[in-house]
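# Close look at the chain arrangement
What follows is each chain in one-letter form.
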Protein chains: 2
Amino acid sequence: MTATLPPGLTAAQFHAALKAFEGIVDAEGLVVSEEEIAGFRDPFAHASWREFAPSAALQPTSVEQVQAIVRAANEHRVPLWTSSQGRNNGYGGPAPRVAGSVALNLRRMNRVLEIDEESAFALVEPGVRFFDLYDAIKASGAKLWMSVPDLSWGSIVGNTCDHGFGYTPYGDHVASQCGMEVVLPDGELLRTGMGAMSGTRAWQVYKRGFGPSLDGLFMQSSLGIVTKMGMWLMPTPECYIPGWLTIAREDDLPLLLEALRPLLIDGTIPNQPMIINAVCAASALSGREDWYTGPGVIPEEVVERIAGQPGLGRWVMRFALYGREGIVAQQRAIVERAFAHIEGLELTFSQYAGDALPELANPHERVQAGVPSIELDRMTKWYGGEEGGHIGFSSVAPVTGRDGVALRDLVKGTLEAAGFDYSAVIIASGRAMVHVCLVVFDTKDEAQARGAYAACKSMVEPAAKLGYGEYRAHLDFMDLVAAQYDFGGHASRRLHERIKDALDPNGILSPGKQGVWPARYREG
Amino acid sequence: MTATLPPGLTAAQFHAALKAFEGIVDAEGLVVSEEEIAGFRDPFAHASWREFAPSAALQPTSVEQVQAIVRAANEHRVPLWTSSQGRNNGYGGPAPRVAGSVALNLRRMNRVLEIDEESAFALVEPGVRFFDLYDAIKASGAKLWMSVPDLSWGSIVGNTCDHGFGYTPYGDHVASQCGMEVVLPDGELLRTGMGAMSGTRAWQVYKRGFGPSLDGLFMQSSLGIVTKMGMWLMPTPECYIPGWLTIAREDDLPLLLEALRPLLIDGTIPNQPMIINAVCAASALSGREDWYTGPGVIPEEVVERIAGQPGLGRWVMRFALYGREGIVAQQRAIVERAFAHIEGLELTFSQYAGDALPELANPHERVQAGVPSIELDRMTKWYGGEEGGHIGFSSVAPVTGRDGVALRDLVKGTLEAAGFDYSAVIIASGRAMVHVCLVVFDTKDEAQARGAYAACKSMVEPAAKLGYGEYRAHLDFMDLVAAQYDFGGHASRRLHERIKDALDPNGILSPGKQGVWPARYREG
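Since we're looking at a predicted model, the values are computed, not measured.

Within chain A, the secondary structure is distributed over 16 helices and 20 strands. Dimensions of chain A along its principal axes, counting C-alpha atoms only, are 70 × 55 × 45 Å. In chain A, which comprises 524 residues, the proportion classed as buried is 66%. Across chain A, contacts joining residues at least 24 apart in sequence account for 73% of those joining residues at least 6 apart. Carbon and sulfur atoms provide 51% of the accessible area of chain A, an area that totals close to 16800 Å². Counting 46 positive and 62 negative side-chain charges, chain A places the centres of these two groups 4 Å from one another.

This next bit is on the packing of aromatic side chains. Summed over all chains, the structure comprises 22 aromatic pairs over all chains. The interplanar angle of 35 degrees and the centroid separation of 5.5 Å between the aromatic rings of A:Tyr240 and A:Tyr322 together place this pair among those described as tilted. You can see A:Tyr240 sitting in strand E12 (residues 239-247) and its partner A:Tyr322 sitting in strand E14 (residues 315-323), a full 82 residues away along the chain. With respect to burial, A:Tyr240 and A:Tyr322 carry one shared label: buried. On the basis of an interplanar angle of 90 degrees and a centroid distance of 5.2 Å, the ring pair of B:Trp49 and B:Tyr453 is categorised as edge-to-face. Of this pair, B:Trp49 sits in the loop between helix H2 (34-37) and strand E2 (56-58) while B:Tyr453 sits in helix H13 (residues 446-466); the two residues are 404 residues apart in sequence, bridging distant segments of the chain. Comparing B:Trp49 with B:Tyr453 shows no difference in burial state: the two are buried. The structure contains a cluster of three or more aromatic residues connected by ring pairs, namely A:Trp145, A:Tyr240, A:Tyr322 and A:Tyr352.

Right, let's talk about the interface of chain A and chain B for a bit. Interfaces are often described in size by the accessible area the parts lose on coming together. In this complex, chain A contributes 90 residues to the contact, which on the side of chain B involves 90 residues. Contact with chain B buries area across many residues of chain A, yet A:Arg201, A:Phe210 and A:Arg431 alone supply 13% of it, more than any other trio. If you look at where chain A meets chain B, you find 10 salt bridges. Taken together, the connections running from chain A to chain B amount to 41 residue pairs in polar contact (both at pLDDT 80 or more). Class assignment of the residues belonging to the side of chain A that touches chain B gives a composition of 45 nonpolar, 25 polar and 20 charged.

On to the sheet that holds strand E8 (residues 177-183) of chain B, then. Residue and element names in this part refer to chain B. Overall, antiparallel pairing links the 5 strands, which are arranged E5-E6-E10-E8-E9 in an open sheet. Looking at which strands have only one partner, the edges of the open sheet turn out to be strand E5 (112-116) and strand E9 (189-191). Ignoring strand direction, the axes of neighbouring strands in this sheet form an average angle of 10 degrees. When E8 meets E9, the two strands line up antiparallel, connected through 3 bridges. Each bridged residue has a counterpart across the sheet, and for Glu-181 the counterpart in E9 is Arg-191. Contacts from helix H3 (residues 63-76) reach E8, E9 and strand E10 (225-232) within the one sheet, and its direction differs from that of E8 by about 50 degrees.

Our next topic: the relation of the copies chain A and chain B. What relates the two chain copies is a rotation about an axis together with a slide along it. Between chain A and chain B, which share one sequence, the superposing operator has a rotation angle of 180 degrees and an axial displacement of 0.0 Å; the RMSD is 0.0 Å. Read as a symmetry element, the transformation amounts to a two-fold axis. Taken as a fraction of all interface residues of chain A, those also at the interface in chain B reach 100%, which identifies the copy contact as same-surface.

By size, the foremost hydrophobic cluster in this structure holds 301 residues, and its most contacted members are A:Phe218, A:Phe339, B:Phe218 and B:Phe339. If we ignore the near neighbours within four places in the chain, the residues touching B:Phe339 are B:Leu245, B:Leu256, B:Ala259, B:Leu260, B:Leu263, B:Met317 and B:Leu345.

With that settled, the discussion passes to the sheet that holds E2(B). All names here are of chain B. Spatially, the 4 strands line up as an open sheet ordered E1-E2-E4-E3, and their pairing is mixed. Of all strands in the sheet, those bounded by a partner on one side alone are strand E1 (30-31) and strand E3 (80-83). Of the pairings in the sheet, the one linking E3 to strand E4 (residues 102-105) comprises 4 bridges and is parallel in character. Note that in E4 the partner of Thr-82 across the bridge is Leu-104. The strands touched by helix H1 (residues 11-22) are E1, E2, E3 and E4; relative to E2, the strand with the most contacts, the crossing angle is about 20 degrees.

Before going further, it helps to examine the pattern of salt bridges. All names here are of chain A. According to the stated counting rule, one finds 68 salt bridges over all chains in the structure shown. The shortest N-O distance in the salt bridge between Glu-304 and Arg-314 comes to 2.6 Å. Placement of the pair is Glu-304 in helix H9 (residues 300-307) and Arg-314 in the loop between H9 and E14, with a sequence separation of 10 residues. The buried category is assigned to Arg-314, whose relative accessible area is 5%.

Residue and element names in this part refer to chain A. Within the secondary structure, Ser-84 is located in the loop between strand E3 (80-83) and strand E4 (102-105). Under the relative-accessibility criterion, Ser-84 is labelled buried at 9%. Beyond its immediate chain neighbours, meaning those up to four positions away, Ser-84 contacts Asn-105, Leu-106, Arg-107, Pro-126, Ser-155, Val-157 and Gly-158.

A separate point is the side chain of B:Asn506. Structurally, the position occupied by B:Asn506 is in the loop between helix H15 (487-503) and helix H16 (519-523). Reaching out from B:Asn506, the side chain makes a polar contact with the side chain of B:Asn74 at a distance of 2.8 Å.

Residues and elements named next belong to chain B. It is at 9 Å that the axes of helix H7 (residues 253-265) and helix H10 (residues 325-339) come closest, and there the two elements cross at 150 degrees. As summarised for this structure, H7 and H10 are arranged roughly antiparallel, according to the angle between their axes. Like other packed secondary-structure pairs, H7 and H10 cross with a definite hand, here right-handed. Judged by residue contacts, Leu-256, Ala-259, Leu-260 and Leu-263 of H7 engage Ile-334, Val-335, Ala-338 and Phe-339 from H10.

A few words on the state of the cysteines. Residues and elements named next belong to chain B. Within this structure, the stated rule accounts for 0 disulfides over all chains. Looking at Cys-178, it has no disulfide partner, and the nearest cysteine sulfur is the one in Cys-161, 14 Å off. For Cys-178, a relative accessible area of 0% puts it in the buried group. Cysteine Cys-437 is unpaired, with the sulfur of Cys-456 as its nearest cysteine sulfur at 6.4 Å. A relative accessible area of 0% means that Cys-437 is categorised as buried.

A residue-level look at chain A finds 99% of positions with pLDDT of 70 or above and a mean pLDDT of 96. Reported confidence for the predicted complex is 0.97 by ipTM and 0.97 by pTM.

A word on the domain arrangement of chain A. Residues and elements named next belong to chain A. Split into domains, chain A comes out as domain 1 (11-105), domain 2 (112-235), domain 3 (239-475) and domain 4 (485-522). Each of domain 2 and domain 3 has a C-alpha centre, and the two are 27 Å apart. Both sides together, the interface formed by domain 2 and domain 3 hides about 2100 Å², and carbon and sulfur atoms give 66% of it. Counting every contact that joins domain 2 to domain 3 gives 1 salt bridge.

What counts, and at which threshold
As a convention, each chain's residues are numbered from 1 in the sequence order in which they are written. Whichever chain is written first becomes A and whichever ligand is written first becomes 1, with later ones labelled in order. The predicted nature of this model means local features are confined to residues of pLDDT at least 70 and side-chain atom pairs, given and counted, to a pLDDT of 80 or more, with totals for whole chains, interfaces and linings taken over all residues. Hydrogens are left out, water is left out, and the side-chain values use all remaining heavy atoms of the structure. What counts as a helix is a DSSP run of H or I of at least four residues, what counts as a strand is a run of E of at least two, and both are numbered from the N terminus. Burial classes: relative accessible area under 20% of the type maximum marks a residue as buried, over 50% as exposed, and values in between as partly exposed (1.4 Å probe, protein chains only). Here a residue-residue contact requires only that any non-hydrogen atoms of the pair lie within 4.5 Å. Only the protein chains shown count as cover for residues, and all accessible areas are computed by the Shrake-Rupley method using a 1.4 Å probe. His is not counted, nor are the chain ends, whereas Lys and Arg count as positive and Asp and Glu as negative. Where a charge sits is defined by one atom per residue type, namely NZ (Lys), CZ (Arg), CG (Asp) or CD (Glu). Centres within 6.5 Å are what make two rings of Phe, Tyr or Trp a pair, Trp counting through its six-membered ring; a difference in plane orientation under 30 degrees is then read as stacked, over 60 as edge-to-face, and the rest as tilted. Note on definitions: buried area is the accessible-area loss of two parts on being combined, 1.4 Å probe, summed for both. Definition used for salt bridges: Asp or Glu carboxyl oxygen within 4 Å of a side-chain nitrogen of Lys or Arg. Within 3.5 Å is the distance limit for a polar contact, defined as a pair of N or O atoms, with the added protein rule that one can donate a hydrogen and the other accept it, and that residues adjacent in sequence qualify only through two side-chain atoms. Note on residue classes: Ala, Val, Leu, Ile, Met, Phe, Trp, Tyr, Cys and Pro are nonpolar, Asp, Glu, Lys and Arg are charged, and everything else, Gly too, is polar. Two strands form a pair only when DSSP identifies at least two bridges running between them. Note on definitions: angles span 0 to 180 degrees between N-to-C directions of axes, and those axes are lines fitted to C-alpha atoms, for helices only across the stretch in contact. C-alpha atoms of residues with pLDDT of at least 70 in both copies form the basis for the least-squares superposition of the copies. In this text, buried Ala, Val, Leu, Ile, Met, Phe, Trp, Tyr and Cys residues form a nonpolar core when linked through side-chain atoms within 4.5 Å. By the definition adopted for this analysis, an angle is roughly parallel if under 35 degrees, roughly antiparallel if over 145, roughly perpendicular if from 65 to 115, and oblique otherwise. What makes a crossing left-handed is the near helix being turned counterclockwise from the far one by less than a right angle; a clockwise turn instead makes it right-handed. Throughout, disulfides are identified as pairs of cysteine sulfur atoms within 2.5 Å of each other. How sure the predictor is of each residue is captured by pLDDT, a score from 0 to 100. Here the bounds of each domain stem from an automatic or database domain assignment.

Below, the structure written as structure tokens:
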């Protein structure tokens, strides 16, 4: 049995709660052994850290079980922390914000409920991984592509609910989501948009309903548990043209961003390009020891050596074009013209038939074709061999040179002062970009791990002063990030709290998620 | 002074409330004369109807005044009904759901606060009309196009908050919205998304913030008053190619929709095509008397005669292509191939340079280029000369032949049985379409007006049985439409009510909007 109890509960009360849960789920559905519970902790947290340790885990298999679980959690005042697959690595994985919470994991609810080729959408349960939907689409024979993140072992619903990205034209997963089913904190079952009408024909084709739209409330949220989600899919394109662009000089990053913005806004580049710095690019292909084994952060001359490798550069941008042959050929020419003024820039393309895609050797090119992979997981092993971990520091900005330089300089300066290599990607999506810094560390090296957490925390306020907020954050600094959203005397936090208290008066659902605390925790 | 009082208020109490409002706004800001108040009633309601008549009107000029007004409304328990320009004609205009509400009209808050050519967006106040932003963009010299509805006298914020459409690739106005400022029912001032961070750089470029997204809560909503809104704009396209497609046979409507759907989903047709039936098309160009003066609904042979006119047909679809010359030329060829199998179909295109648009003679072609116009207002004069009115019956469905036929047959059959001509448009938007029936009547003919209302109401439940919900509704049948959203024992209505009660405990803001009633009205 666990050492950690839910806050405010005695061992006896907790035991009574577990008995109640036991009556709801099957034998696999309740996890209480220390060893198994460890699977619901932060995958990168040091073994000695208990701060975000769950007290038990539940793995229901049906919506009815989820409803019964939240009702029991209300009765016994047990905080639940929802995850789907629990692969939100870099931000805490399946671990709860409040130690002693019961992890509610939905990976056993893993049915692909519908694939509609006509209107190009899927309806999935939260346990469905990107891999699973990919297989289901293939098995169905539908001529549809999906969007996947770099690591496809995660849940589509979980990734989307955390505002995650993929890298096809449908890669803004929140924008591609259409219709949800949600279990509310009191066990009520809700369907959003047109799904609010029984027998609707339009749940997955029209995003809104009659009256206010509720879907946004259930993303990065502790207001409900998403049990079904519609996702739009892309018709298989005639051509798929992944492109690679590298710049030889660090100083040309602003030129790259300035040339990219108009191509994103007018749709010439329709996907979410990822601009990867030299260290990060190297970490996908090799270990740090292949480049540098000396003291301190990786020196400038070594970064230059990495940048000089074929196909790399100070920054390398992956992106892709999709569509009919004659049209993508012209878009390709437009892209070539748009970047031609950048000295030393290299731009290469490959071309594939969308409906006869070969086995692509490059994982980046698989990702942009919506083909699931986990090869890029290697990045986290930069320092730590098999035991590598990372936390993400992910700030949002407009796609401008000025903003790119400001974020790079803040993050690079802070990390290097803390003794970490600057490993970052910029994910561009329409008018916005997210500068994602992968602070990589050896999970066995507690001092280095602590240093990584401290470095991330130390950047939150300086970034806010420059006008940059994080779009997502690790459990360890969710409150600090949320505190930066301060307009109107933190009006948005107060509104989140009012809605939270109205829907979840006992505060049982994911307390502290994204810095939103139920009344009993705020007062306590 | 008004004959109508707010519910539950004595004349003395109402007078005290007006005194409080008088202390907040300037002389023009408080409207109490019967004559002027009439300007805030349903523009098409019969003069004798008091059902949706306001008791007074307020026209603040600043956010601070709006905050003070809602605080006073709480103190005096006066229901407010927000409109921006109040041009939501066909659904009730500026008129409140609850007779005696004070109309809160924002047309005097009409500043274009920002036009950003670099990231292609505008930030506007609720009183800004489509005409106004168009002029401001022209004056700024920015190479940007906006999206406008058929009648551009309305407010951008008002149209967007009611889920309104425009007809460029940015015509799904909710999808083009990015960032809001909102006065909550208690007077708190909120900014959504990245705007929740003071000094943010990303309010209008990234739609989400940290934690749940709130924007959807304030659309079709009584939860707040939107005082600022960001709207994305389209870079001026190299070419603008409006297209016209007509089908000669009513039976080919399903073929048209089936051929259209893939072109919408893959983006070949990037805007929101409007498919207009013969009677509706004729009503934009002529009066009913030009075609038929006999008894009963317009006969089939007359509809055939209209359909036979040059440029018309049983259904005529307006749509457009936008972009670089070489690309739109290929898209045009793809469109031609996609419809080639439909016998008797006619397809024509014009082509213009986006940055040198001539004065377009056809108002439809102006609308699709984002050029404001009100010429299509003529449609409502079908029966009634200058006194024409209409109500909309607007149902959402997937873009399929089956769904198009089912909606057409339901609506046509019901209207003709009630003695009304079937005048309709189908607005297609990606995977969904909205079948909008314009039930046109002579506002001076009370019996005909009553009949129009009755006919719309009578279609709500049969449409729901077929799986079609309305995306918007007239005050007179908002409750009936909302009642069809019944999944989980009306779980979505109960959630709307819980949020409403939490944010607006006195129920002062737009009670009854989209069928959401505050506690004091539900109990009462």
